[in-house]
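Each chain, written out:
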Amino acid sequence: MHPLLASRARLGAYLLGWAPIALLLTGIARSQGWSWAEAGALALPLCLLAAFLFLSAWFLCRALPLGRTLESLGGHGAAWGMAAVLMGGLWAGLAWLLARLLAWLPGLEALPLRVSIALPVLTGLGILLYLASVALSYLMLAQDRAIEAERRGAELQLLAQESELKALRAQLNPHFLFNSLNSLSALTALDPARAREMCVLLSDFLRRSLGLGERRLVALREELDLARAYLAIEQIRFGARLQLDWRIDPAAEPALLPTLLLQPLVENAIKHGIAALPEGGILSLSTEAVEGHVILRVDNPMDADAPAPQGLGLGLRQVRQRLLGRFGSRARFEAGVQDGVHRVTLVFPLEIEP
Amino acid sequence: MKALIIDDEDLARAVVREHLAAHPDMEVTAECANGFEALKAAAQHQPDLIFLDIQMPKLDGFEVLELLEAEGKRPAVVFVTAYDQHALRAFEAHAVDYLLKPFSRERFDAALAKARALQTAQPPSVPPPATELAAAARQGKPLERIVVKDGPKVTVIHLDRLDWVQAQDDYVLLRTEGKNLLKQQTLANLEAQLDSSRFIRIHRSYVLNLDRLVRVEQDTKEHRDAILRDGTRLPVSRAGYQRLRELWEGA
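Here's a quick rundown of the structure.

The helix and strand inventory of chain A stands at eleven helices and seven strands. Taking all contacts inside chain A whose residues are at least 6 apart in sequence as the whole, residues at least 24 apart take part in 72%.

Set out below in C-alpha cells:
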C-alpha cells in the first residue's frame, strides 16, 4: 500500500501541495488567452488526476532502490525517463479527453482546440511533474527506511538487554553451587580451617556476582576479581586438576566492559575443558593493553577425543552479542580450537570511566 | 558388603567415604576418579554396591554402568550427583536411588538401607538397563555418544562420527571411522534414542547418518540403494525411501 494512501493526514497534505500547481496551470492558461472558465474547468480536475496518477512513481522507486554507488543511476535513469514520458503522455492524452467531454458544456466549446494546441506543453509539464513525484517518492522511501532502522535498532537493543538478563540469571549456575557446597560438606569433617576458607570464598563470589548484576558496565579489574574468586573455589573442588596461569596487564584493568562478560568464558573453560579431562590442565587468562585496545584471552585444554565444537554454544554467543552490542565494529570476538587448546579472544577499545 | 566410590572430585569421594565409615559391614574396596578406573576396579573387586557420580570426564556414570552390564555385572547403584533433580526423579520409579549433593547423613543412610534391601530381596529385583536410566535422565533429548566394549578396549563413538548402523540379530554393527564395532543392543532400541532428524531407518536392517548420504539410486523397479560419501551402497527399502522423502519434503 502506498504510504500516502495509508494515512488521511498525509493524503490531505499531499493534495494541498498540488493546489499551487493548479494555480500555476490556470495562470499559464490565462496568459495564453484562455477564459477563466476554460482554465479553471481544466486545471482543477487535471491536477487531481495527476496527483493520483503520479503516485505510481512510488512503486517504481520501491522496485528500483537507490544504491550507495552511482553505478545504478544509469539504468534507473532510463527507467525513470521512460516512465515519465509514458505518464506525461498519458496525462496529456487524458487532458484532451477531458476537454472533449467538457466541450459539451456551454461556454467551453473551444476547449478541445485549445488543448490540442497546448498538448506538447502539457506533455512536457507532465514529464516534469512525474519526475518531481519520483524525487518525492525516494524521499519518502528514505524516511521509511530510517524509521525502520530505528525500530530495528531499538529491537536489537531490547534483545541484547534480554540476553544480558539471561546471562545474569544463568550466573548462579546451580551445578557449580551444589558441587561447591558438597566440597564444603566434605571439608567440614576433613579440614575445618579449609572449610571456613571455602565459606568465605563462596560468600565473596556470591557477593561480587550479585553486586555486579546490577550494573551494565564494569571495570575489567572487577571482572578479574570475580573470576579469581570463582577459580579459587573451583581449585578446591578440582584440586591438582586445575592449574591457573594468570598474565594480567595492569594498564588494561580500568577498561570498561559489559558486566559479567568474562565469567561465562571462565565457566566454559572449566566445564568443557578442565572438568572433561581426567588429568585436568592449565587454564590461562591473559589481558593486554595494546594501542588503545584491550586483548583478553582465555585458554583451556580440550579432550582430544571429543568432537570439535560445532559453532558457538549459547554462552559464547551471548558473550559475542553483548560485546559487539556495546562496542560494535570496534570490538572483535574469536573462538576456536588449535592443537588441543580452546581459545577465546576478545579485543575491545580501552575506554575508562570519565 | 564391598563398595566402590566413583567420582572425579576427591572431596566428593571423601564425603561418601566418611559416611560409609559409620557402617562397619561396609568395605570400601576402591575409589575411582574416572570411568576407566571404575571398570578396572569393578573387574578386580566385584563390588556389591557402587556410589556413582554422573558427570565425569571421558565416561559418564550411565556409560560406566552400561559397560559393567555388558560384562554381565550389575552391582547395586546409588547415584551421587549435583545433576538436575527433575531429571533424576524418573529414577524413583525404577527403584534406583540417588543422592543430591550435598546430602545429610540421614539421607545417605536411607539410600544405603534401600540398596541393601534390594540386594537381599527375594526374588531378586531386576533393575532397568543403564541405557534406559540414561534416556530418562536426558528427558527426551537425543543420545550424543555411544560406548562400545571391544574386547578389553572401550570405545566412545561421538554420533557425528557414526556413519551407519546395521542390525545383526541381538547386536548392532556400528560403522565409524573405517571400523566396524559390535554392540549388544537391538537396532530398534538404539534407533529410539537417536536424533530422528539426523539418523534415518532406511531399511529394516539399517539406520543411516543423513550427513553421509550423497544420493539414492534406483536399480530396478523395486530396488533402491543409498550411495554414501565414501562410495558405500546400502539398501533402501520402500518404507525407508518414504521416510527420506518425508524428511526432504519437510525440510
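Still more to cover.
To continue, consider the pairing of strand 10 (residues 179-184) of chain B. A regular strand places its side chains so that they alternate between the two faces of the sheet. All names here are of chain B. Across six bridges, strand 9 (residues 171-176) lies against strand 10 in antiparallel orientation. What sits directly across from valine 172, in strand 10, is lysine 183. Hairpin remark: strand 9 followed by strand 10, antiparallel, with two residues in the connecting loop; positive phi at glutamate 177, about 45°.

All names here are of chain A. Read from one edge to the other, the open sheet built from five strands follows the order 2-4-5-7-6, with strand pairing classed as mixed. With partners counted over all chains shown, the strands left at the sheet margins are strand 2 (242-247) and strand 6 (332-338), one partner each. This sheet shows a mean twist of 10° between the axes of neighbouring strands, independent of strand direction. Across six bridges, strand 2 lies against strand 4 (residues 281-290) in parallel orientation. Bridging from a neighbouring strand, leucine 242 pairs with glycine 281 of strand 4. Across the sheet, helix 9 (residues 220-238) touches strand 2, strand 4 and strand 5 (293-301), and the angle it forms with strand 2 is around 160°. Helix 10 (residues 262-273) rests against strand 4, strand 5 and strand 7 (341-349) of the sheet, and its axis sits at about 15° to strand 5.

Attention now goes to the nonpolar core. By size, the foremost hydrophobic cluster in this structure holds 105 residues, and its most contacted members are Val266(A), Ile6(B), Leu52(B), Val64(B) and Leu208(B). At eight residues, helix 9 of chain A tops the list of elements feeding residues into this core. Apart from residues no more than four positions distant in its own chain, Leu208(B) is found in contact with Trp164(B), Phe199(B), Ile200(B), Ile202(B), Leu213(B), Ala226(B) and Leu234(B). One finds Cys47(A), Phe54(A), Ala83(A) and Val134(A) within the second-largest nonpolar core, a separate group that totals 31 residues.

Moving on, we come to unusual backbone geometry. Look at the link from Lys101(B) to Pro102(B): it is a cis peptide, with omega at -10°. Here the phi dihedral of Leu260(A) falls at roughly 55°; this positive angle occurs in a residue that is not glycine. For Leu260(A), the location among the structural elements is in the loop between strand 3 (256-258) and helix 10. Positive phi outside glycine occurs at Gln139(B), with the angle close to 55°. Here Gln139(B) is to be found in the loop between helix 6 (130-138) and strand 6 (145-150).

Turning our eyes to something else, we now look at the interface of chain B and chain A. Contacts between the two partners involve 18 residues from chain B, matched on the other side by 21 residues from chain A. Put simply, the parts of the chain that give the side of chain B that touches chain A at least two residues each are helix 1 (10-20) and strand 7 (153-158) of chain B. Here the side of chain B that touches chain A gets six residues from one element, more than from any other, and that element is helix 1 of chain B. Per-class residue counts for the side of chain B that touches chain A are nine nonpolar, two polar and seven charged.

Within a sheet, neighbouring strands are paired by backbone hydrogen bonds and run either parallel or antiparallel to one another. All names here are of chain B. What the three strands build is an open sheet, ordered 13-14-15; its pairing is antiparallel. Looking at strand neighbours, the two that pair on one side only are strand 13 (213-218) and strand 15 (233-236), the edges of this open sheet. Mean inter-strand twist for the sheet, computed between neighbouring axes without regard to direction, equals 30°. Both strand 14 (residues 224-228) and strand 15 contribute to a ladder of four bridges, which runs antiparallel. Bridge assignment links isoleucine 227 to a residue of strand 15, and that residue is arginine 233.

About the thresholds
- Residues numbered from 1 in each chain as written.
- Chains lettered and ligands numbered in written order.
- Predicted model: local features only at pLDDT ≥ 70, side-chain atom pairs only at ≥ 80, totals over all residues.
- Helix = DSSP H or I, 4+ residues; strand = E, 2+ residues; numbered from the N terminus.
- Contact = placed C-beta atoms within 7 Å.
- Pairing = 2+ DSSP bridges.
- Axes fitted to C-alpha atoms, helices over the stretch in contact; angles between N-to-C directions.
- Core = buried A, V, L, I, M, F, W, Y, C linked by C-beta atoms within 7 Å.
- Buried ≥ 20, exposed ≤ 12 C-beta atoms within 10 Å, placed from the backbone.
- Nonpolar A, V, L, I, M, F, W, Y, C, P; charged D, E, K, R; others polar.

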